[in-house]
Structures are given as C-alpha cells and as structure tokens.
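# A closer look at the structure
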Amino acid sequence: GCTVKERATPQEIRVSTEFRFREPPRGLVSDELEDTICYAQVSEALRGVCEAKEFKLIERIAYECFAALKRLARSSSSPSDVSTDKSDAEPNVDI
C-alpha cells in the first residue's frame, strides 16, 4: 500500500503464473512429482514473498514473486520459463 495506514492491514492480491516448459516435463510419462514443478512449492514460495515484508507498490511484489518463481523453476527437474501477472483483489484506495 502507498500509505502506512494502507499497509497496516494485510490485503489480498491475486497472482497469475504461467510456466512454459522448454520440453515436456518428464512427469507426463513418469507420473512422479519430482519430475515436474510442485504447485504446493509454488504456492509456498508466493506466500513467503507476500508475508516477508511490506510492499508499497504492487509492481514490486509482482517482481519479487516472479524472482522467487524463477528460482524455483531453475531448481526443478523440468527446465522452464515463468511469467507472472498481478492485480489487486480489491483495490484499497479512497477516492
């Protein structure tokens, strides 16, 4: 949030994530979680970013989410690229 007052109350945000695999993940054939990206880890990484500190700009939190997911994608057994999109669930701005 822009102001201290706005940042004092946690706000819901939505993060849309897209993974683009350079080749089909091995999990398509093996049916093993370790052969693809674990979406529980994705969710955990996003939650960790959002709860780690206060953010003034939604653009900054989107970048931090992107960076965390990029690290996660690099560490997976299925090489991939990642993109994120952000939006306020309910903008908390007085007009």
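This text follows the structure it describes.
Here we summarise the structure given alongside this text. What you see is a predicted model, and the numbers here were worked out from it, not measured in a lab. (Residues numbered from 1 in each chain as written. Predicted model: local features only at pLDDT ≥ 70, side-chain atom pairs only at ≥ 80, totals over all residues. Heavy atoms only, no water.)

### Examining the nonpolar core
Where a protein is soluble and globular, its nonpolar side chains tend to be buried together. Quick reminder of the rule: Buried Ala, Val, Leu, Ile, Met, Phe, Trp, Tyr and Cys residues that are joined via side-chain atoms within 4.5 Å together make up what is termed a nonpolar core. With a 1.4 Å probe rolled over the protein chains alone, any residue whose accessible area is under 20% of its type maximum counts as buried; one over 50% counts as exposed, and the rest are partly exposed. Helix numbers and strand numbers start at the N terminus; a helix is a DSSP run of H or I with at least 4 residues, a strand a run of E with at least 2.
In this structure, Phe 19, Val 42, Leu 46, Val 49, Ile 61, Cys 65 and Leu 69 are the most contacted members of the largest nonpolar core, which totals 14 residues. The set of elements that each furnish at least two residues to this core consists of α3 (39-52) and α4 (58-75). Considering each element in turn, this core owes the most residues, seven residues, to α4.

### Observations concerning the side chain of Glu 64
For the record, the criterion: Here a polar contact is taken to be a pair of N or O atoms separated by no more than 3.5 Å, where protein atoms must pair a possible hydrogen donor with a possible acceptor and residues adjacent in sequence count only if both atoms sit in side chains. Every residue pair with non-hydrogen atoms within 4.5 Å of one another is taken to be in contact.
Within the element layout of this structure, Glu 64 appears in helix α4. A distance of 2.5 Å separates polar atoms of two side chains, one belonging to Glu 64 and the other to Arg 60. Beyond its immediate chain neighbours, meaning those up to four positions away, Glu 64 contacts Val 49, Lys 53 and Phe 55.

### Structural notes on the state of the cysteines
Quick note on the threshold: Put simply, a disulfide is two cysteine sulfurs that come within 2.5 Å.
Under the criterion given, the structure shown has zero disulfides. Take Cys 50: it sits in no disulfide, and the sulfur closest to it among the cysteines is that of Cys 65, at 4.4 Å.

### Regarding α3
To keep it simple, the criterion reads: A helix's residues, less one, multiplied by 1.5 Å, set its expected span. Directions are taken from the helix axis to each C-beta atom, and the arc is the one they span.
Between the first and last C-alpha of α3 there are 20 Å, a value that for 14 residues agrees with the 20 Å anticipated at 1.5 Å per step. Buried residues of α3: Val 42, Leu 46 and Val 49, and no others. One side of α3 carries all its buried residues, which in axial view fall inside an arc of 60°. Set apart from the buried face of α3 by more than 90 degrees, the exposed residues are Ala 40, Glu 44, Arg 47, Glu 51 and Ala 52.

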